[in-house]
Amino acid sequence: MSVIQALRGTLGEDRVLTGDDMAAWSTDWTGRYRWTPLCVVRPGSTEEVCAVMRIAHAAAVPVVPVSGHTGLAGGTHGDGAVMLSLERLNAIEEIRPEARVAVVGAGVVLSALHEAAEAQGLSFPMTFGARGSARIGGLLATNAGGSNVLRYGNTRDLVLGLEAVTAEGRVLDLMTALHKNNAGYDLRHLLIGSEGTLAVITRAVLKLVRQPRAHATAMVAARSVSEALVLLNRLQDVSGGAVEAFEYMPAAYMDTYLALHPEARAPFDSPQAVNILLELGVTAPRDSTPGEDGLVPVTGSLQETLAELMEQGLVLDAVVARSETQRAEMWARREAAAEVSLSRLGALVNDVAVPLDAVEAFLTEAGARCRALDPDVQEMVVAHLGDGNVHYALWPSGAAEGGALVEAVEEVVRALGGTFSAEHGIGLHKKASMARHRDPVALEAMRAVKTALDPKGILNPGKVLP
Ligand SMILES: Cc1cc2nc3c(=O)[nH]c(=O)nc-3n(C[C@H](O)[C@H](O)[C@H](O)COP(=O)(O)OP(=O)(O)OC[C@H]3O[C@@H](n4cnc5c(N)ncnc54)[C@H](O)[C@@H]3O)c2cc1C
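Naming follows an unreviewed UniProt entry, where the chain appears as FAD-binding protein of Ponticoccus alexandrii. As recorded by UniProt, the Sequence similarities (unreviewed entry) comment attached to the chain reads in full: "Belongs to the FAD-binding oxidoreductase/transferase type 4 family."

Peer 1: So what exactly am I meant to see when it comes to the site of the ligand here?
Peer 2: Taken together, 34 residues lie near the ligand, and Pro-65, Ser-67, Gly-68, Thr-70 and Gly-145 sit nearest. In this structure, Thr-70 approaches the ligand through a side-chain N or O atom, which is 2.7 Å from an oxygen atom. In the environment of the ligand, an oxygen atom lies 2.8 Å from a nitrogen or oxygen atom belonging to the backbone of Arg-135. Look at the ligand: alone it shows 980 Å² of surface, and the protein chains cover 95% of it. Every element with two or more residues in the shell around the ligand is listed here: strand 3 (63-66), helix 4 (136-142) and strand 10 (200-207). Ranked by residue count, the leading element in the shell around the ligand is helix 4, at five residues. Residues belonging to the shell around the ligand are distributed by class as follows: 15 nonpolar, 16 polar and three charged.

Peer 1: Can you walk me through the sheet that holds strand 1 (residues 16-17) in this structure?
Peer 2: Strands pair in a sheet through their backbones, by hydrogen bonds, and they do so in one of two ways: parallel or antiparallel. Taken together, four strands build an open sheet; the order of strands is 1-2-4-3 and the sheet is mixed. Of all strands in the sheet, those bounded by a partner on one side alone are strand 1 and strand 3. As defined by bridge partners, strand 1 adjoins strand 2 (residues 39-41) across two bridges and the pair is classed as antiparallel. Bridge pairing in strand 2 links Val-16 to Val-41. Along the sheet, helix 2 (residues 46-59) makes contact with strand 2, strand 3 and strand 4 (82-85), crossing strand 4 at roughly 170°.

Peer 1: Teacher, can you tell me more about a nonpolar patch on the surface here?
Peer 2: Where nonpolar side chains cluster on the molecular surface, the patch consists of Tyr-185, Leu-187 and Leu-190 and spans about 340 Å² of accessible area. On the basis of relative accessible area, Leu-187 is assigned to the partly exposed category, the value being 33%.

Peer 1: Before we go on, may I ask you to explain the domain arrangement of the chain in this structure?
Peer 2: Accessible area lost upon the coming together of the parts serves often as the stated size of an interface. The assigned domain composition of the chain is domain 1 (3-85), domain 2 (92-210), domain 3 (214-335) and domain 4 (338-424). A separation of 43 Å is found between the C-alpha centroids of domain 1 and domain 3.

Peer 1: I tried to follow the sheet that holds strand 10 on my own but got confused; where do I start?
Peer 2: An order of 5-6-10-8-9 is seen for the five strands of this open sheet, with the pairing classed as antiparallel. Taken across any chain shown, the strands that pair with only one partner, and hence form the sheet edges, are strand 5 (92-96) and strand 9 (171-174). Each adjacent strand pair in this sheet contributes to an overall mean axis angle of 10°, direction not counted. Where strand 6 (residues 101-105) lies against strand 10, five bridges are found, and the strand directions are antiparallel. Residue pairing for strand 10: Val-104 is matched across the bridge by Ala-204.

Peer 1: Before we go on, may I ask you to explain the state of the cysteines in this structure?
Peer 2: Should the sulfur atoms of two cysteines be covalently bonded, the bond is a disulfide. Scanning the model with the defined rule gives zero disulfides in all. Of all cysteine sulfurs in the structure, the one in Cys-50 sits closest to Cys-39, which takes part in no disulfide; the separation is 17 Å. For Cys-39, a relative accessible area of 0% puts it in the buried group.

Peer 1: Can you walk me through the side chain of Asp-374 in this structure?
Peer 2: Secondary-structure assignment places Asp-374 in the loop between helix 13 (359-373) and strand 17 (378-384). What Asp-374 contacts, discounting residues up to four positions off in sequence, is Pro-396, Ser-397, Gly-398, Ala-399, Ala-400 and Leu-405.

Peer 1: Can you help me understand the packing of helix 1 (residues 3-11) against helix 2 in this one?
Peer 2: To describe two helices that pack against each other, one gives the angle between their axes and the distance between the axes. Look at helix 1 against helix 2: their axes get within 10 Å of each other, and the N-to-C directions meet at 160°. Taken together, the axes of helix 1 and helix 2 are roughly antiparallel relative to one another. Relative to helix 2, the crossing made by helix 1 is right-handed. Across the interface between the two elements, Val-3, Ala-6, Leu-7, Thr-10 and Leu-11 from helix 1 touch Glu-48, Ala-51, Val-52, Ile-55 and Ala-59 from helix 2. When its residues are assigned to classes, the contact of helix 1 with helix 2 shows eight nonpolar, one polar and one charged.

Peer 1: When you look at the pattern of salt bridges in this model, what are you seeing that I'm missing?
Peer 2: Any two side chains of opposite charge can pair, so long as their charged atoms come close to each other. A full pass over the atoms with the stated rule returns 21 salt bridges. The closest approach of N and O atoms between Glu-227 and Arg-223, which form a salt bridge, is 3.2 Å. Its relative accessible area of 22% is what places Glu-227 among the partly exposed residues. The class for Arg-223 is partly exposed, based on a relative accessible area of 48%. A salt bridge links Glu-379 to Arg-371; the shortest N-O distance between them is 3.0 Å. Judged by relative accessible area, Glu-379 falls into the partly exposed class, the value being 24%. Via salt bridges that share partners, Glu-407, Glu-410, Lys-430 and Arg-436 belong to a single interconnected network.

Peer 1: Please clarify how the side chain of Thr-46 should be interpreted in this entry.
Peer 2: Examined against the element boundaries, Thr-46 turns out to sit in helix 2. Residue classification places Thr-46 among the buried positions, given a relative accessible area of 11%.

Peer 1: Looking at this model, I keep getting lost on the environment of Gly-241. Mind explaining?
Peer 2: Locating Gly-241 in the fold gives a position in the loop between helix 7 (225-239) and strand 13 (243-250). Classification of Gly-241 as partly exposed rests on a relative accessible area of 28%. In the structure, Gly-241 is positioned 82 residues away from Ser-323 in sequence and 23 Å away in space, judged by C-alpha atoms.

Peer 1: I tried to follow unusual backbone geometry on my own but got confused; where do I start?
Peer 2: What is expected of a backbone is that most residues other than glycine have negative phi and most peptide bonds are trans. Phi is positive for Ala-60, close to 55°, though the residue is something other than glycine. Tracing the sequence through the fold places Ala-60 in the loop between helix 2 and strand 3. The phi torsion at Arg-100 lies on the positive side, around 55°, for a residue other than glycine. The exposure class assigned to Arg-100 is partly exposed, which follows from its relative accessible area of 36%.

Peer 1: It is not clear to me how the environment of Arg-135 should be interpreted in this structure. Could you clarify?
Peer 2: Tracing the chain through its elements places Arg-135 in the loop between strand 7 (122-123) and helix 4. Along the primary structure Arg-135 and Thr-419 are separated by 284 residues, whereas in three dimensions their C-alpha atoms are 25 Å apart. Those residues in contact with Arg-135 that sit more than four places away from it in its chain are Ser-67, Gly-68, Glu-87, Ala-106, Gly-107, Val-108, Val-109 and Leu-110.

Rules of the game
- Residues numbered from 1 in each chain as written.
- Predicted model: local features only at pLDDT ≥ 70, side-chain atom pairs only at ≥ 80, totals over all residues.
- Heavy atoms only, no water.
- UniProt positions renumbered as here; feature names shortened; annotations may be inferred.
- Near = heavy atom within 4 Å.
- Polar contact = N/O pair within 3.5 Å; in protein donor to acceptor, adjacent residues only side chain to side chain.
- Areas by Shrake-Rupley, 256 points an atom, 1.4 Å probe, with all protein chains shown as cover.
- Helix = DSSP H or I, 4+ residues; strand = E, 2+ residues; numbered from the N terminus.
- Nonpolar A, V, L, I, M, F, W, Y, C, P; charged D, E, K, R; others polar.
- Pairing = 2+ DSSP bridges.
- Contact = heavy atoms within 4.5 Å.
- Axes fitted to C-alpha atoms, helices over the stretch in contact; angles between N-to-C directions.
- Patch = residues over 30% accessible without salt bridge, like charges linked within 9 Å, V, L, I, M, F, W, Y side chains within 5 Å.
- Salt bridge = Lys/Arg side-chain N within 4 Å of Asp/Glu carboxyl O.
- Buried < 20%, exposed > 50% of the residue type's maximum accessible area, 1.4 Å probe, protein only.
- Domains from an automatic or database assignment.
- Disulfide = S-S within 2.5 Å.
- Parallel < 35°, antiparallel > 145°, perpendicular 65-115°, else oblique.
- Left-handed = near helix turned anticlockwise from the far one by under 90°.

Right under this line is the structure:
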């Protein structure tokens, strides 16, 4: 019996797609990668995922787990593979307000979890532009970051437990809701960020926090990235660490965004070199209940701090959002980042991180190194500045090899104590960088782990490990 026949016999005819029905699973959001899967399977339970894996394992056929298809590293490329879609494992099983946890299937869309948590006055504080499509399994598999890492950490920091299915089709049950658990190796953290190469994540227990009662959001113009960091630290001090997002968009990014979106408005009357989108979130009634003048205290306090810093010359201009519409307008500029960076054919995307106090040096040195190789190269930068993660895209003119430009950027990153892969993962895209920059002993340990968990090498083969 063929693998497809065996899968149909187990899941049912309509849960195994072939031919033209596989179109949506034959490319990803970027459109940069295209492939022809063997088939697409859509199991509806952990047991069915186990059955799929047992069939694939027996036949030694590759399996590529796929959630929302928004990954930016080519991680779901699957020529000749069984594409294992998690989309039907989309139950929000329970939200436990007292424990502040959500128990969810891997196929839950991030924005659906946001809505379910908010209905209970809670929040799953991971967010980014693809939240309407990205699913929990994909978030865990890539250890996604996003705009609120500054305050709440990466996906890794928000996961208490998970369930996964091994390459051989057995259930690995790590579904605890514990904040402390030192019972041996923490396999949860091994699977988070493993990009589908070690196991298929099927369920998770996620941390929730109190939903902020109020936000204060502003666009601020600064003279330099270093001066913007002075502003960040001042805001953290006066707000008791309430800054949730601190995002950097330089002039070239803003110009490109406005060209792509003629309906959009510029943030300031005159163009600025350093545009910062910042947001504070507060839960205490004393910070969030509007006064007699209608002003929310956290907004008032933000305005005061910005005014002081303007007097000191550290802030050049500032606009504080006065409505949800204004707040959404500010976020729309930032959340177009993937669209803006990839709007030029041949864009080279570097998702790097350096210590916060090295971001300015990184931008200066990487720019100089790249222009020495390709004088007409354009930089398209946008950054989660609050956590040191710079999306450093290059639009080359063709004067230098793309690989040479990427290597130059990575050398600068390395010299500054940074990483070539901050939040998007490795997939296919960054394998050469893994070979260049990861410690050989670490790579050897990773290969040993891969062989132990997936002896036939069927789970997302050819990804992550060079
Ligand atoms: C507009 C836009 C904005 C973005 N912004 C951010 C951002 O700010 N921060 C950020 O970190 N990322 C961002 N991304 C990238 C992307 O959204 C994240 O990587 C996200 O976590 C991927 O989720 P997904 O469900 O789409 O996963 P997919 O793309 O389907 O899969 C990604 C990887 O995970 C594996 N995988 C998927 N599901 C499972 C599973 N259940 N078990 C095991 N492996 C699995 C796949 O094999 C693949 O290797 C953005 C993408 C877009 C398009």
